[in-house]
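# Overview (structure and organization)
Single-letter residue listing:
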Amino acid sequence: MSKTPSSRNKKKSKTHAQAAPSKKSVEQAIEPVKAKPAAVAAEEVSATAKNGRKWQGLEQWHFRLTFFFVIEAALILLLATTHDVTVTGSYAAQDSLAAAAGHPTLVTAMHRLFDVNIGFLVTAILWLAALGHGFALSVYRKRAAAELAQGINRLRWIEYMVTGPLILVGLALVGGIYDFATLLMIAVLTVAALALCLLLELRDAGKRTTKWGLWYVACLLGCAPGVIFVLQAVQTRVYGATNLPGYVYWTGGALLVLFAANVANLYLQRVQRGKWADYLFGERIFMLLGFAAKSTLAWGIFAGLLHP
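Structure report, in brief. Just so it is clear, the model here is predicted, and its values are computed rather than measured. (Residues numbered from 1 in each chain as written. Predicted model: local features only at pLDDT ≥ 70, side-chain atom pairs only at ≥ 80, totals over all residues. Heavy atoms only, no water.)

### Quick look at the nonpolar core
Judged by nonpolar contacts, the single largest core of 45 residues is most densely connected at Ile-118 and Leu-173. Going through the elements one at a time, α2 (23-79), β1 (84-94), α4 (118-137), α6 (154-174), α7 (180-204), α8 (213-239), α9 (246-271) and α10 (279-306) are the ones with two or more residues in this core. Here the element with the most residues in this core is α10; it accounts for 10 residues. In contact with Ile-118, other than residues within four places in its own chain, are His-83, Val-85, Leu-173, Val-174, Ile-301, Leu-305 and Leu-306. (Core = buried A, V, L, I, M, F, W, Y, C linked by side-chain atoms within 4.5 Å. Buried < 20%, exposed > 50% of the residue type's maximum accessible area, 1.4 Å probe, protein only. Helix = DSSP H or I, 4+ residues; strand = E, 2+ residues; numbered from the N terminus. Contact = heavy atoms within 4.5 Å.)

In structure tokens form, the structure reads like this:
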């Protein structure tokens with residue numbers, strides 16, 4: 001018996017009703033898809049606003065430090081007395097007495113190369129530090145904010161590579177190290193350590209794990225100038241039967257403590273431990289330690305050597 005047209009139409013409409021989802025079910029299926037991007041977008045906007053507020057807070061730090069460095073530089077320039085140190089070059093020369101006796105012998109001789117005004121050197125360090133912070137507030141502002149969001153501070157390492165060698169060379173000069181080759185070695189080792197730190201930070205930016213091998217190399221390079229200072233102090237005591245000025249020991253010791261604090265801060269920032277999970281927290285610590293190191297050198301030398 002064949003089916004009537006009406007029964008076939010009923011069956012077709014029933015099948016169509018089962019195949020086509022209702023408007024309500026379609027809206028329910030689409031709703032989570034619509035809500036998810038909106039929530040993610042809101043979260044991203046919130047994170048961006050939070051980072052913006054943090055960067056604005058860091059800008060205030062840059063402004064204050066720029067102001068303090070300028071004031072310190074001006075005070076030392078106005079109050080410091082003139083004190084020049086002669087930088088010498090060592091070379092090999094014939095011992096005239098030994099040569100006359102028929103036994104040519106090479107001995108170490110020194111030649112005066114140039115003089116360094118310690119007050120101007122200290123002032124230059126403070127001015128360069130102020131320039132670095134001012135640069136972060138002006139020309140480099142947008143790029144600095146973008147790099148900090150990625151866990152990078154290129155400008156900090158560059159400023160360290162300029163002022164760091166000058167700090168240690170200044171300490172060496174007041175500590176009796178006048179040989180140009182030794183001073184150059186101190187400067188080059190310091191720049192090499194800081195340049196390696198910059199390259200490693202660029203390599204490890206955004207990573208949860210860090211390969212520490214090259215970081216240890218950078219730390220050893222940074223410690224090398226300290227070994228030179230210790231040898232200078234020991235040889236002065238043993239062979240010169242005297243001691244370096246007291247302010248050199250105090251200033252050098254304070255800089256050593258600050259160096260260790262910088263290394264600890266760098267480690268905590270890299271492993272993102274506690275408050276250091278926020279890169280900008282570690283950055284504020286770096287800024288405080290940098291200000292402390294430059295001010296310690298400036299006022300330590302002023303108190304011991306440049307005061308009226």
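### A look at the pattern of salt bridges
Across all of its chains, the model carries 9 salt bridges by this definition. One salt bridge connects Arg-112 with Asp-115, and the closest N-O pair in it is separated by 2.7 Å. Of the charged contacts, one joins Arg-203 and Asp-204 as a salt bridge, the two residues approaching to 2.8 Å between their closest N and O atoms. Each of Arg-156, Glu-201, Arg-270 and Glu-283 takes part in a single network of salt bridges with overlapping partners. (Salt bridge = Lys/Arg side-chain N within 4 Å of Asp/Glu carboxyl O.)

### Considerations on the environment of His-307
Mapping His-307 onto the fold places it in the segment after α10. Residues His-307 and Leu-79, 228 residues apart in the sequence, show an inter-C-alpha distance of 7.1 Å. For His-307, the contacting residues outside a window of four places in its chain are Thr-81 and Phe-302.

### A closer look at unusual backbone geometry
Non-glycine residue Ala-241 carries a positive phi angle of around 55°. With respect to the secondary-structure elements, Ala-241 resides in the loop between α8 and α9. You can call Ala-241 exposed: its relative accessible area is 64%. Despite not being glycine, Gln-272 has its phi angle at roughly 55°, a positive value. Its place among the elements puts Gln-272 in the loop between α9 and α10. Classification of Gln-272 by relative accessible area gives partly exposed; the value is 26%.

### Looking at the packing of aromatic side chains
By the definition in use, this model includes 11 aromatic pairs. Consider the rings of Phe-68 and Phe-291, whose centres lie 6.0 Å apart with planes at 45°: the pair is tilted. Of this pair, Phe-68 sits in helix α2 while Phe-291 is found in helix α10, placing the two residues 223 residues apart along the sequence. Both rings, one in Trp-212 and one in Tyr-267, keep their centres 5.3 Å apart while their planes meet at 40°; by these two values the pair is tilted. Highlighted residues: Trp-212 in the loop between α7 and α8 and Tyr-267 in helix α9, separated in sequence by 55 residues. Taking relative accessible area as the criterion, Tyr-267 reaches 36% and is therefore assigned partly exposed. Over the ring of Phe-286 we find Arg-156; its NZ or CZ atom is 4.0 Å from the centre of that ring. (Phe/Tyr/Trp six-rings, centres within 6.5 Å; stacked < 30°, edge-to-face > 60°. Lys NZ or Arg CZ within 6 Å of the ring centre and 35° of its normal.)

### A look at the packing of α6 against α9
Contact pair α6 / α9: the axes reach a minimum separation of 11 Å and the direction vectors enclose 155°. If you check the angle between α6 and α9, you find them roughly antiparallel. For the pair α6 and α9, the crossing hand works out as left-handed. Residues Arg-156, Trp-157, Tyr-160, Ile-167, Leu-171 and Val-174 of α6 lie in contact with α9, whose contacting residues are Tyr-247, Val-248, Thr-251, Gly-252, Leu-255, Asn-262, Leu-266 and Gln-269. (Axes fitted to C-alpha atoms, helices over the stretch in contact; angles between N-to-C directions. Parallel < 35°, antiparallel > 145°, perpendicular 65-115°, else oblique. Left-handed = near helix turned anticlockwise from the far one by under 90°.)

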